[in-house]
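Reading the structure
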Amino acid sequence: MIKKCLFPAAGYGTRFLPVTKATPKEMLPILTKPLIQYGVEEAVEAGIKTMAIVTGRGKRAIEDHFDISYELEHQIKGGSKEPLLDEIRSLISKCTFSYTRQIEMKGLGHAILTGETLIGNEPFAVILADDLCYSQDSVLSQMVEVYKKYNCSIVAIEEVPMEDTNKYGVIAGKLVDGTDDTYRVYDMVEKPEPKDAPTNLAIIGRYILTPDIFDILRDTKAGKGGEIQITDALLEQAKRGKVIAFKFKGKRFDCGSVDGFVDATNFFYGKES
Ligand code: G1P
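The present account deals with the structure reproduced in this document. Position numbers for residues start from 1 in each chain and track the written sequence from start to end. At least 70 in pLDDT is required for a residue's local features to be given in this predicted model, at least 80 for side-chain atom pairs to be given and counted, and no such filter applies to totals for whole chains, interfaces and linings, which use all residues. Hydrogens and water are ignored here; the side-chain numbers use all heavy atoms of the structure.

We call a residue near a molecule or strand whenever a single non-hydrogen atom of that residue lies within 4 Å of it. With respect to spatial proximity, 13 residues lie near the ligand, and among them Asp-131, Gly-169, Glu-190, Lys-191 and Ile-203 are the closest. The definition of a polar contact used here is a pair of N or O atoms within 3.5 Å, where within protein one atom must be able to donate a hydrogen and the other to accept one, and adjacent residues in sequence count solely through side-chain atom pairs. In this structure, Asp-131 approaches the ligand through a side-chain N or O atom, which is 2.7 Å from an oxygen atom. Within the backbone of Ile-203, a nitrogen or oxygen atom sits 2.6 Å from an oxygen atom of the ligand. Burial of the ligand by the surrounding chains reaches 77%, relative to a free accessible area of 380 Å². Where accessible areas are quoted, they stem from the Shrake-Rupley method and a 1.4 Å probe; at the residue level, only the protein chains shown are allowed to cover.

Turning to the environment of Ile-112, a few remarks are in order. Helix and strand assignments come from DSSP, with helices taken as H or I runs of at least 4 residues and strands as E runs of at least 2, each series counted from the N terminus. Within the secondary structure layout, Ile-112 lies in helix H5 (residues 108-114). Spatially, the C-alpha atoms of Ile-112 and Thr-165 are 23 Å apart, while their sequence positions differ by 53 residues. For Ile-112, the contacting residues outside a window of four places in its chain are Leu-6, Pro-8, Phe-124, Val-126, Leu-209, Phe-214, Leu-217 and Ile-230. For this analysis, residues touch if any pair of their heavy atoms sits within 4.5 Å.

Topologically, Gly-270 is positioned in helix H10 (residues 258-272). Categorising residues by exposure relies on relative accessible area from a 1.4 Å probe, with only protein chains included: less than 20% of the type maximum marks a residue as buried, more than 50% marks it as exposed, and the intermediate range marks it as partly exposed. Given the relative accessible area of 45%, Gly-270 is considered partly exposed. Gly-270 sits 143 residues away from Ile-127 along the chain, and the two C-alpha atoms are 25 Å apart.

By the criterion of burial, strand S4 (residues 50-55) is predominantly enclosed, with 5 of the 6 residues buried. Note that strand S1 (residues 4-8) and S4 share 5 bridges and pair parallel. Residue pairing for S4: Phe-7 is matched across the bridge by Ile-53. Between any two strands, at least two bridges found by DSSP are needed for them to pair. Inspection of the sheet shows S4 paired to strand S5 (residues 96-101) by 6 bridges, in the parallel sense. By the bridge assignment, Met-51 is partnered in S5 with Phe-97.

For soluble globular proteins, nonpolar side chains are generally found buried alongside one another. The definition of a nonpolar core used throughout is a set of buried Ala, Val, Leu, Ile, Met, Phe, Trp, Tyr and Cys residues joined through side-chain atoms within 4.5 Å. Formed by 38 residues in total, the largest nonpolar core has its most connected members in Cys-5, Phe-7, Met-51, Phe-66 and Leu-140. Looking at this core, the element that brings in the most residues is helix H7 (residues 139-150), giving 6 residues. Non-local contacts of Phe-66, meaning those with residues more than four positions away in its chain, are made with Ile-36, Gln-37, Val-40, Ile-53, Ile-88, Leu-91, Ile-92, Phe-97 and Tyr-99.

The subject of this paragraph is the side chain of Asp-130. Following the sequence through the fold, Asp-130 ends up in the loop between strand S6 (124-127) and strand S7 (131-134). For Asp-130, the side chain forms a polar contact with the side chain of Lys-25, separated by 3.0 Å.

Our next topic: unusual backbone geometry. Cis geometry is found at the peptide bond from Leu-17 to Pro-18, where omega equals 10°. For Pro-18, the position within the fold is in the loop between S1 and strand S2 (29-30). Positive phi, close to 50°, is recorded for Asn-151, a residue that is not glycine. On the secondary structure map, Asn-151 appears in the loop between H7 and strand S8 (153-159). In this structure, Lys-191 is a non-glycine residue whose phi angle is positive, near 45°. Positionally, Lys-191 belongs in the loop between strand S10 (182-190) and strand S11 (201-209). The class of Lys-191 is partly exposed, set by a relative accessible area of 30%.

A word on the pattern of salt bridges. Salt bridge, as used here: a side-chain nitrogen of Lys or Arg that lies within 4 Å of a carboxyl oxygen of Asp or Glu. Overall, the coordinates contain 22 salt bridges when judged by the stated rule. Two residues, Glu-145 and Lys-148, come together in a salt bridge whose shortest N-O distance is 3.1 Å. Here Glu-145 and its partner Lys-148 are both found in helix H7, 3 residues apart, which amounts to about one turn of the helix. Exposure remark for Glu-145: the relative accessible area of 48% places this residue in the partly exposed category.

Written as structure tokens, this is what we have:
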């Protein structure tokens, strides 16, 4: 039912300078796989085959990663290293990748609007690759199930320490009867200071959006940080009762920060060894 997944991947990754000077932050590895590959794997697990990636200048490595590398593949053919490519080869064979460039960095909402040309008029998923998730059923699979029930936009949330609300979009909602993890959202604020935050329920980088979001984004004025915020556009849907916030089961690592990145590395290393 959800066939496409959008990956906003145009950001500069300034928190990881100098490595992000010439390397896209989405290509930073957790062990031997780049962050964006984990995101694509999660989308595939949720039954999605079409990956729509919003890139920018200096992001060519992402396109090359999801392609064949003839020279390299020729070199290692038949050797002991060849199986190291099995996983990415199999992933590439399962999906298609399309790209568009965000020319100016005007925020996450603007990046998502830039992706409209790749998505069209259908509901779609969004993965922010620097939020790395790990769970039995992938977070996006869990959200697709929620979408099937409510047929409206879905955001994934988790409780964060109150002092961290200024790092996230924060929601206020009413628990849907008979659930303890599903909220009908009535308010959302982008990165509020703790004293202004309605709750400590923070949006993490997983969304399912209905396509009317594009028209709303076109009319959304710059908000927090002078950027067009997806949180502000979603608030318009929420006012009509059309946003559900879902407390996913699983772990999330903020790989946009050095601490979260190291935690994720240790966690995945512990799992493999
Ligand atoms: C973006 C969104 C924010 C959300 C966060 C999740 O912020 O604007 O609402 O909570 O992703 O990671 P960013 O982390 O890109 O500043």
